[in-house]
Amino acid sequence: MIPAAFEYFAPKSLDEALRLVARHGDEAKLLAGGHSLLPLMKLRLSAPRYVVDIGRIRSLRSIREEGGRIVIGALATHHDVEASELLRITCPLLPETAAEIGDVQVRNRGTVGGSLAHADPAADYPAAILALDAEIVATSSSGTRVIPAAEYFVDLLTTQLRPGEILTEVRIPRTGENSGAAYRKLHQPASHFALAGAAARVTLGPGEKIESVAIGITGVAVNAYRATAAEQMLIGKKAAPKLLAEAAEKVTDGIDPLGDIHASAAYRRAAAAVYARRALEAAIARAGGKKA
Amino acid sequence: MATAAKATKYVGKPIKRKEDPRLVQGIAHYVDDLKLVGMLHMGIVRSPYAHARIRSIDTTKARSAPGVVSIVTAEDVDGAIGPVPCGAMIPDMKPAPRPVLATGEARFVGEGVAAVVASDPYALQDAMELVEVDYEPLPVVVDPEKALRKDSPRVHDVHADNAAYRWELEGGDIKKAFKQADRVIKVHLTNQRLIPVAMEGRAVLAQYDRGDNRITLWSASQIPHILRTQIAAMLNFPEYGVYVIVPEVGGGFGSKLNVYSEEALACYLAMKIEKPVKWTEGRRENFLATIHGRDQIADMEFAVKRDGTVLGLRAHFIADLGAYFQLLTPLIPTLTGLMCVGPYKIPNVRAEITGVFTNKMSTDAYRGAGRPEATYFLERGMQAVATELKIDPAELRRKNFPKAKEFPYATATGLIYDSANYQGTLDLALKKSEYKKLRREQAAARKSKTGRLMGIGLGSYVEICALGPSSAMPSGGWESATVRIEPTGRVRVLTGSSPHGQGEETSFSQIAADLLGVTMDDVIIVHGDTSAVPYGIGTFGSRSLAVGGTAMYRAIEKLRDKLLKIAGLVLSEDPANLVLRNKQIVSKRDPKKSMSFADAVGAAYTAKALPPGVEPGLEATHFYEPTNFTFSFGTHIAVVDVDPETGDVKLRKYIAADDCGNVINPLLVEGQLQGGIVQSVGQAYFEEAVYDDQGQLLSGELADYAIPRASDLPWIETYNTVTPTPVNPLGAKGVGEAGTIGATPTLVNAVLDALAPLGVRNIDMPLKRERVWKAIREATAGPSGRPRRAK
Ligand SMILES: Cc1cc2nc3c(=O)[nH]c(=O)nc-3n(C[C@H](O)[C@H](O)[C@H](O)COP(=O)(O)OP(=O)(O)OC[C@H]3O[C@@H](n4cnc5c(N)ncnc54)[C@H](O)[C@@H]3O)c2cc1C
């Protein structure tokens, strides 16, 4: 549990950090909350030569409203998200998701940017980010890029982020009236990461018909994804229990679920369906103004 | 508790632990906190293969790495360090001694291959990666049933097969019992391999003083003296020159009731280098290379009468011992055999154990050590009997319990149960759980359309504890104490027990203070330092209070008698009329005749007027040899709800009714029960050491090995009855392991009870959601996975 030697930098500004990652390229690793990186380094599964600690770049920690969107700085901790008044009012799905992450210590250190950059297949945020149609903002010395959530997660621990880029913020469009969202998670019993996690966001139109729906699934496959087949089944229809159950069965269509000592692929498929249905039920209840 | 019960300022009271202030403030010292001048760090290069020939080890690169001081392999220590000792002998057992470093072959993943010493932990880790070992992989056997097949790879070439031993026990007339039976009910059950997961891993610090030719070994151990003797033997070093010190220990659960290769290696290297050498285990190492527990498979047949009377039990146990013998490896399963009839009158029994070698870490004592296995198998069997015969599980138990007046009760396995009232704890558990109401609630849930699966589980147990009479123990079952009343009137108790979280500093102080009429603060309990404490056996097998506490009690009696004699002379009073109370020695007859405790103590030391035949000073030693084990018992009840869609088990209520004889401190007893029950929740629902077929430990860290968390648990309600033991003057039995013994079957029975209407009869532990889900699916086979209600 002892990492290999590395050189440590603690830049105070984003520019300085960008210069450092540009200079050291592949040999550098960014350090945010350290709760994914340090365990890997201690096991020597990761041995970067340079560690660039971005934790002191204050400007990246804010959670604010800007141009009709919610903007969350990459260094906002899970606890910042969980406790944000602004998010509780405008986007309660994120605090609900953040509260499911790890324990208090993890939530006090771990960051939104770190979780999304690391892209653990069982991390919680990715499901919510997908369901919210969020945008991920990546900054490098050559400028800024905006990546839609639906395109961001590529493979196991792999995202659209390129070497030299720092994830600086996440932008979340405001949802309209009659919308509701929920995150439901079956914990892996040892790590408490998601064995199957489903985030659902639903907007109801006239006659209680589902006007728009987005379902993000995490923990099931190599990366988090949108359950589009299930979404399509629901659009424009009335949210009857039978329909929800049928749609939920489709959240793993075309997906090759993971299997490990905690759950087989078959079980993950079944659990994803149950948790997606429960998330949908709660989101719909909330969209209709009910508690769930 | 004849004497202590009369003066109970402390005994029986829920007194907070004396040891906690230093622990919660972080000012207690564990081995890893200790730093000595010039201290070096040791690391062990471990085999990544479960079975491999070691062709060669090249340490050239590692030796030239910065900070490296020494590297040794099996070749270097050959003849200098003996193998890891095994203290258990079973007739015709095949020996499997473990060399301190793999010699010729490595036989499990994690076996040490080389020891590296470096100036600091960072240099050490870098250097360890440079040790090049050329392995030739050999065939691996992981599954104990497969290991018994003729064509199985052999773990030890020198042995004809992997059957380490066969052990048998028979009592009564088993053939007749099965002839007379109306039904024979069979179960096939497994008790999975567990990892003890003490909060503190193992840690060792060794120092050698050439001038005095003295080795000092600090180790997180449960058995300081046995460790001292064994280290002396392994190193062929005079025992008087070995000092073992056990500072604060962060839990053991049996995993530190052992002698490990790292302890001997650290001593050897400290001697060789003449600098202190420290080794602190990492969590992954702890998972791979500290003993595991359980890992048994049982086939049992119950010969029963239609009314539920159990006439006989035939049992065969397969015990996976791992690759080598640690201190008690072969012995542990025999406790399963001995306890296989549990709290029931089963007059005819035949038990057989086959111990098996596999390419895995050794199993050994883990909290309960053989008894949780016995109890699990038996109680699952009793649940099967109840289900098959359609008898309420509570009534089935009541029917087969011996009555309170039948104690002492001789079992068909050859034990004498000291005292009990099994009906008493059963009734208490039923009452506190409102059992009938629960059954009504369950009936309603089963009728309702919600598909709610509610289960009520029962488990009764008797545990053999306070280990034990020396005749039945591998290396002595007595315990020692020296008590010194110092000239200022303070009391120093030196005990051979070696508490590591149990709270004996508190309970022993309570007893000592009451016996001498002083305050608990006047008493200090010293343990774990072999240069200070008389030879002792240590802490395991729920023995410290009942055996070690009795040794102290007897030693204090000697001092008390002496003090009263001295006071009798001063007060001109018959010592028989004098009592110790509130730091005074007072005559019961004439309260005016009194003197202070301090003056009497002073008189013993100034020695100016001592009664004839009384020696000066105030020190007494007692080596207490128990005449029998003690047998704690109880009944537990668990209530669960099973999510029919996911198989998730929610434990919603837990009631424990236990009897450990006289209770010295109810807080400590409750703490032991709560902790033990929680560990049972781990075994029942979450924990399993999973090896793949190549012998790789897949559940190799805490992110993959699930231990229960507070959020997984309801409030555990504990109640007790009091049936004192006649075996010792305290009337106290043991309670350290009761929780892990009684609770596991209770928790599993609850889930099976929930699924009984679906026809599910068995799910192997741990009851992971997927296993429960699969059992529900297979039983219902509905397309949506929602269970159909069976008739
Ligand atoms: C005990 C424990 C339990 C946990 N439980 C959960 C759980 O239940 N659910 C869950 O979702 N997570 C869980 N986590 C993970 C936790 O949420 C991490 O904090 C998170 O995954 C990573 O965030 P971090 O800020 O700690 O990132 P770090 O560990 O500092 O970095 C992670 C990776 O992201 C890169 N990185 C960090 N920030 C940026 C950035 N701004 N731009 C580009 N790259 C960046 C780093 O270089 C590194 O490769 C747990 C962690 C622990 C230790």
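Keep in mind that what you see is a predicted model, and the values were worked out from it rather than measured.

A. Expanded view of the overall build of chain A. The helix and strand inventory of chain A stands at twelve helices and 14 strands. Taken over C-alpha atoms, the radius of gyration comes to 19 Å for chain A, in line with the 19 Å a tight globule of 292 residues would show. Considering chain A as a whole, with its 292 residues, one finds that 54% of them fall into the buried category. Look at the contacts in chain A between residues 6 or more apart in sequence, and 61% of them connect residues 24 or more apart.

B. Here's a closer look at the domain arrangement of chain A. Residues and elements named next belong to chain A. Along its sequence, chain A is carved into domain 1 (7–52), domain 2 (62–173) and domain 3 (180–287). One C-alpha centre belongs to domain 2, the other to domain 3, and the line joining them spans 20 Å. Tallying the contact residues gives 21 residues for domain 2 and 26 residues for domain 3. For the pair domain 2 and domain 3, the two sides together bury roughly 1800 Å², of which 56% comes from carbon and sulfur. Applying the counting rule to domain 2 against domain 3 returns five salt bridges. Of the charged contacts in the structure, one is a salt bridge between Lys185 and Asp124, with a shortest N-O distance of 2.9 Å. Joining domain 2 to domain 3, the criterion identifies 15 residue pairs in polar contact (both at pLDDT 80 or more). When residues of the side of domain 2 that touches domain 3 are traced back to their parent elements, those giving at least two are helix H5 (93–98), helix H8 (125–131) and strand S8 (153–155). Here the side of domain 2 that touches domain 3 is composed, by residue class, of 14 nonpolar, one polar and six charged.

C. Highlighting the interface of chain A and chain B. Each partner contributes to the interface: chain A provides 24 residues, whereas chain B provides 25 residues. Of all residues in chain A, Arg44, Ile261 and Tyr267 of chain A bury the most surface against chain B, accounting for 30% of the area lost on that side. Viewed at the interface, chain B and chain A are joined by five salt bridges. The closest approach of N and O atoms between Glu129 of chain B and Arg44 of chain A, which form a salt bridge, is 3.3 Å. Those elements that place two or more of their residues in the side of chain A that touches chain B are strand S11 (179–187) and helix H12 (265–287) of chain A. Considering each element in turn, the side of chain A that touches chain B owes the most residues, seven residues, to H12 of chain A. Partitioning the side of chain A that touches chain B into residue classes produces 15 nonpolar, six polar and three charged.

D. How the structure looks around empty space enclosed by the protein. Residues and elements named next belong to chain B. Scanning the model with the defined rule gives one cavity of 30 Å³ or more in all. The volume enclosed by the largest cavity comes to roughly 50 Å³. Around the largest cavity, the lining residues are Arg294, Asp295, Gln296, Ala319, Asp320, Thr329, Ile332, Pro333, Thr363 and Asp364. Mapped onto the lining of the largest cavity, the elements with two or more residues apiece are strand S13 (293–304), strand S14 (310–322) and helix H11 (332–338). A per-element tally of the lining of the largest cavity places S13 first, with three residues. Among the residues forming the lining of the largest cavity, the class breakdown is three nonpolar, three polar and four charged.

E. Structural view of the sheet that holds strand S18 (residues 453–465) of chain B. Residues and elements named next belong to chain B. Taken together, the four strands give an open sheet; going across it, the order is S18-S26-S27-S28, and neighbouring strands pair in mixed fashion. In the strand order of this sheet, the two ends are held by S18 and strand S28 (716–720), each with one partner. Taking each pair of neighbouring strands and ignoring which way they run, the sheet shows an average axis angle of 15 degrees. Bridge count between strand S27 (residues 649–659) and S28: five bridges; the pairing is parallel. When the sheet's bridge partners are listed, Ala656 is paired in S28 with Thr718. The sheet contacts of helix H15 (residues 435–447) involve S18, strand S26 (630–642) and S27, and relative to S18 the element is tilted by about 145 degrees.

F. Main features of the packing of helix H19 (residues 666–686) of chain B against helix H20 (residues 738–755) of chain B. Residue and element names in this part refer to chain B. Remark: H19 packs on H20, axes separated minimally by 7 Å, with the N-to-C direction vectors making an angle of 45 degrees. Overall, the two elements H19 and H20 adopt an arrangement that is oblique. Like other packed secondary-structure pairs, H19 and H20 cross with a definite hand, here right-handed. In contact with Leu673, Gly676, Ile677, Gln679, Ser680, Val681, Gln683, Ala684 and Tyr685 of H19, H20 contributes Ala738, Gly739, Thr740, Ala743, Thr744, Leu747, Val748 and Val751. Of the residues assigned to the contact of H19 with H20, the class counts are ten nonpolar, seven polar and no charged.

G. Inspection of the site of the ligand at higher detail. Residue and element names in this part refer to chain A. Lining the immediate surroundings of the ligand are 30 residues, of which Leu30, Gly34, Leu37, Thr111 and Asp124 lie closest. Within the backbone of Ala32, an N or O atom sits 2.7 Å from an oxygen atom of the ligand. In this structure, an oxygen atom belonging to the ligand sits 2.7 Å away from a main-chain N or O atom of Gly33. A total of 970 Å² of accessible area belongs to the ligand in isolation, and the protein chains cover 89% of it. Elements represented by at least two residues in the shell around the ligand include exactly strand S2 (28–31), helix H7 (112–118) and strand S10 (166–173). Tallied by class, the residues present in the shell around the ligand amount to 14 nonpolar, twelve polar and four charged.

H. Region of the structure containing the nonpolar core. Residue and element names in this part refer to chain B. With 145 residues, the main nonpolar core has Phe302, Tyr417, Val642, Tyr685 and Leu755 as its most contacted residues. The element contributing the most residues to this core is H20, with ten residues. Every residue in contact with Val642, bar those within four places of it in the chain, is listed here: Leu453, Gly647, Asp648, Val649, Val751, Ala754, Leu755, Val772 and Ile776.

So, how was this worked out
Residues numbered from 1 in each chain as written. Chains lettered and ligands numbered in written order. Predicted model: local features only at pLDDT ≥ 70, side-chain atom pairs only at ≥ 80, totals over all residues. Heavy atoms only, no water. Helix = DSSP H or I, 4+ residues; strand = E, 2+ residues; numbered from the N terminus. Rg over C-alpha atoms; globule rule 2.2 N^0.38 Å. Buried < 20%, exposed > 50% of the residue type's maximum accessible area, 1.4 Å probe, protein only. Contact = heavy atoms within 4.5 Å. Domains from an automatic or database assignment. Buried area = accessible area lost by both parts, 1.4 Å probe. Salt bridge = Lys/Arg side-chain N within 4 Å of Asp/Glu carboxyl O. Polar contact = N/O pair within 3.5 Å; in protein donor to acceptor, adjacent residues only side chain to side chain. Nonpolar A, V, L, I, M, F, W, Y, C, P; charged D, E, K, R; others polar. 1 Å grid on protein atoms, 1.4 Å probe; cavity = no way out; pocket = protein on both sides within 12 Å on 5 of 7 lines; lining within 4 Å. Points joined across faces, edges and corners; volume = space filled by probe spheres on them. Pairing = 2+ DSSP bridges. Axes fitted to C-alpha atoms, helices over the stretch in contact; angles between N-to-C directions. Parallel < 35°, antiparallel > 145°, perpendicular 65-115°, else oblique. Left-handed = near helix turned anticlockwise from the far one by under 90°. Near = heavy atom within 4 Å. Areas by Shrake-Rupley, 256 points an atom, 1.4 Å probe, with all protein chains shown as cover. Core = buried A, V, L, I, M, F, W, Y, C linked by side-chain atoms within 4.5 Å.

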